[in-house]
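If you want the building blocks of each chain, they are given just below.
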Amino acid sequence: MDLLAEPEADTNRIALWGQILDSARPDRRFAGVSVTLQGWKGPVAQATADEFGEFQFDFNFESNLSLEMRIAETNYITVPLPVLARSRRSAAGSS
């Protein structure tokens, strides 16, 4: 899985982009896989992977998160994410 998390400056929001990959089988497709962003208190956001296995979330900051992918009817894969940091204030607005 490839991931990119980007805090939005001067907000409490984070954008997260991801792609599900299988390095052993590069031709494998993950279209339609359900991906849930799980927080401390439960689901934060839900997405469905596109034809390239890509998905994205835009959510309010939470530091302890994991991704849960539903690969089959009863098979889930859970991936804990590194602790996220809040965005710093941009220099443009300070004096």
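Scroll up a little and you will see the structure.
To keep things clear, this report deals only with the structure shown in the data block.

Parameters and conventions
- Residues numbered from 1 in each chain as written.
- Predicted model: local features only at pLDDT ≥ 70, side-chain atom pairs only at ≥ 80, totals over all residues.
- Heavy atoms only, no water.
- Pairing = 2+ DSSP bridges.
- Helix = DSSP H or I, 4+ residues; strand = E, 2+ residues; numbered from the N terminus.
- Axes fitted to C-alpha atoms, helices over the stretch in contact; angles between N-to-C directions.
- Core = buried A, V, L, I, M, F, W, Y, C linked by side-chain atoms within 4.5 Å.
- Buried < 20%, exposed > 50% of the residue type's maximum accessible area, 1.4 Å probe, protein only.
- Contact = heavy atoms within 4.5 Å.

### Some details on the sheet that holds strand β7 (residues 75–80)
Phase 1: Read across the open sheet, the 4 strands follow the order β4-β3-β6-β7; overall the sheet is antiparallel. The sheet is open, and its two edges are formed by β4 (42–48) and β7, each paired on a single side. Pairwise comparison of adjacent strand axes, ignoring direction, gives a mean angle of 25 degrees for this sheet.
Phase 2: Summarising the sheet, strand β3 (residues 34–39) and β4 pair through 6 bridges and their orientation is antiparallel. Residue pairing across strands places Leu37 opposite Ala45, the latter belonging to β4.

### Here's the deal with the pairing of strand β2 (residues 13–19)
Phase 1: Two strands pair when backbone bridges link them, and strand β1 (residues 2–7) and β2 are joined in this way by 6 bridges, in the antiparallel orientation. Pairing of Leu4 across the sheet is with Trp17, part of β2.
Phase 2: Following β1, the chain reverses through 5 residues before pairing antiparallel with β2; Asp10 in that reversal takes a positive phi of roughly 60 degrees.

### Quick word on the nonpolar core
Phase 1: Counting 19 residues, the largest nonpolar core has Ile20, Val35, Leu37, Phe57, Phe59 and Leu67 as its most contacted members.
Phase 2: Considering each element in turn, this core owes the most residues, 3 residues, to strand β5 (residues 54–60).
Phase 3: Setting aside chain neighbours within four positions, we find Ile20 in contact with Met1, Phe30, Val33, Val35, Ala49, Phe52, Gly53, Phe55 and Met69.

### Observations concerning the sheet that holds β5
Phase 1: Pairing is antiparallel across the open sheet formed by 3 strands, whose spatial order is β1-β2-β5. The outermost strands of the open sheet, each flanked by one partner alone, are β1 and β5. When strand polarity is set aside, the average angle formed by the axes of neighbouring strands in this sheet is 15 degrees.

### Observations concerning unusual backbone geometry
Phase 1: Phi at Asp10 takes a positive value of approximately 60 degrees, unusual for a residue other than glycine.
Phase 2: Following the sequence through the fold, Asp10 ends up in the loop between β1 and β2.
Phase 3: On the basis of relative accessibility, which here comes to 43%, the residue Asp10 falls in the partly exposed class.

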